[in-house]
Structure formats: structure tokens, C-alpha cells
Amino acid sequence: MVHDDIMLTAGHCMYNKVNGNVEEMRIYEMQNSSKRNSKYYYPLKWVMSDKYVDRCDSNYDWCVVVLQNRIGKRIGWFGYGIALKSKNITVSGYPDYKAYQYYQYKDSGKLSIDSKYTFSHTCSTRGGESGAPAYDSNNIVWGIHTSGGEKANYGCLITSALFDVIERFE
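None of these values were measured; they are calculated from a predicted model.

Caption draft 1: A look at the nonpolar core. Counting residues in hydrophobic clusters, the biggest one holds 29 residues, and the most contacted among them are Met7, Leu8, Trp62, Val64, Leu67, Leu162 and Ile166. When contributions to this core are tallied by element, the ones reaching two or more residues are β1 (6-9), β7 (63-67), β13 (140-148) and α3 (160-169). It is β7 that provides the largest number of residues to this core, a total of four residues. Those residues within four positions of Val64 in sequence are excluded, and the remaining contacts are Ile6, Met7, Leu8, Lys45, Trp46, Val47, Leu162, Val165, Ile166 and Phe169. Ala83, Val91, Cys123 and Trp142 belong to the second-largest nonpolar core, a separate cluster that totals 10 residues.

Caption draft 2: Geometry of unusual backbone geometry. Phi is positive for Cys56, which is not a glycine, with a value near 50 degrees. Tracing the backbone through its elements, the reader meets Cys56 in the loop between α1 (50-55) and β7. Take Cys56: its relative accessible area is 32%, and that puts it in the partly exposed class. Positive phi outside glycine occurs at Asn139, with the angle close to 60 degrees.

Caption draft 3: Structural detail: the packing of aromatic side chains. Applying the stated rule across the entire model yields five aromatic pairs. Ring geometry for Tyr40 and Tyr42: centres 5.6 Å apart, planes at 90 degrees, overall edge-to-face. Look at Tyr40 and you get partly exposed, because its relative accessible area is 30%. Between Tyr80 and Phe163, the ring centres sit 5.0 Å apart and the planes meet at 55 degrees, which makes this aromatic pair tilted. Here Tyr80 is found in strand β8 (residues 79-80), whereas its partner Phe163 is found in helix α3, with 83 residues between them in sequence. Judged by its relative accessible area of 23%, Phe163 falls in the partly exposed class. Here a set of aromatic residues connected by ring pairs shows up, and it is made of Tyr28, Tyr40 and Tyr42. Here the basic side chain of Arg26 rests over the ring of Tyr40, its NZ or CZ set 4.4 Å away from the ring centre. The ring of Trp142 has Lys87 lying over it, and the distance from NZ or CZ to the ring centre is 4.2 Å.

The rules behind each value
Residues numbered from 1 in each chain as written. Predicted model: local features only at pLDDT ≥ 70, side-chain atom pairs only at ≥ 80, totals over all residues. Heavy atoms only, no water. Core = buried A, V, L, I, M, F, W, Y, C linked by side-chain atoms within 4.5 Å. Buried < 20%, exposed > 50% of the residue type's maximum accessible area, 1.4 Å probe, protein only. Helix = DSSP H or I, 4+ residues; strand = E, 2+ residues; numbered from the N terminus. Contact = heavy atoms within 4.5 Å. Phe/Tyr/Trp six-rings, centres within 6.5 Å; stacked < 30°, edge-to-face > 60°. Lys NZ or Arg CZ within 6 Å of the ring centre and 35° of its normal.

Honestly, it's all geometry; don't read function into it.
Printed below as a string of C-alpha cells:
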């Protein structure tokens, strides 16, 4: 959450070339127990880069989701900014591994800027954490975790263009 009703996630969580857009999305709040939280919300609308939809360009693997409800007023939200240099971060998400399925998994490490659009990071992640925030100790999100690799993990930076997209919905 980056506003009381705006959420960021990875674009591939919402769309792929084979199946198109997701058919149903449920947003669960503050999950951290051995069973699924029964309270969930639906998106009102979302926007993705045409460059991701048309070409699955990983530089644009992001999605801005506007929720039907302003759950951030109750649970809070992160700030967000444009990273211009490397920083210490935490990535926290909800893996799809059965042992972690309903628990938040997080780790701290370093974000290194790879290009104008992407970053790599040294945080340990599990499969299914795509869309998790990469944030600093001041709770400022600098990017979105999108994938893992053998040597590092990767994500999309909040660029000035993505920043403007988020701002349009506030």
C-alpha cells in the first residue's frame, strides 16, 4: 500500500500473454497466521504500462491498483520515492510455499540500481513474493520485487513516470 486505497504490485501478478488479465483478485490485509484471513477486498481498477502488456518488457513489470475500499486508513501505508543510488532495504511478502503460505516473510539487504528502470537486491526471497515492496528503514518504497535468480533478486524501480502514475490516483 502506498496510499489509503492504492497498492503497487508486479505487473505479471495481474497479466500474462497466455491468459490475459486476472479474472479475480482478492487483497487480504495483515495476514500472519496459520490460516487464511477471511477479510479481503477487491480492486476498483488498475493500470499497467503498455510496454509490459504489449512486449512483457521486464523494465515495466509493475501495476498500480486502486482498491474499492480505503483500507490504508486502518492498516497504514508506505511512502514512496525515486531511488537515485543504492540503499539498504527490506523486502517483505507472502510466499506461496506451503510452510510460509499465510505468514509474512521478510529479509534485509542492499538495493543496487542496475538501469533507469530496474534494480537487483541481496534480500532472501521465496517464490510467490512478486509484487512485494522494497523499502528502507523509513518505510519508503523504492521499488517492487519481481523475480529471483541464482546470484541476486530483481525488481522494478519507482521511476519518475511510475511516480506520476501513482500521483494521478491520489
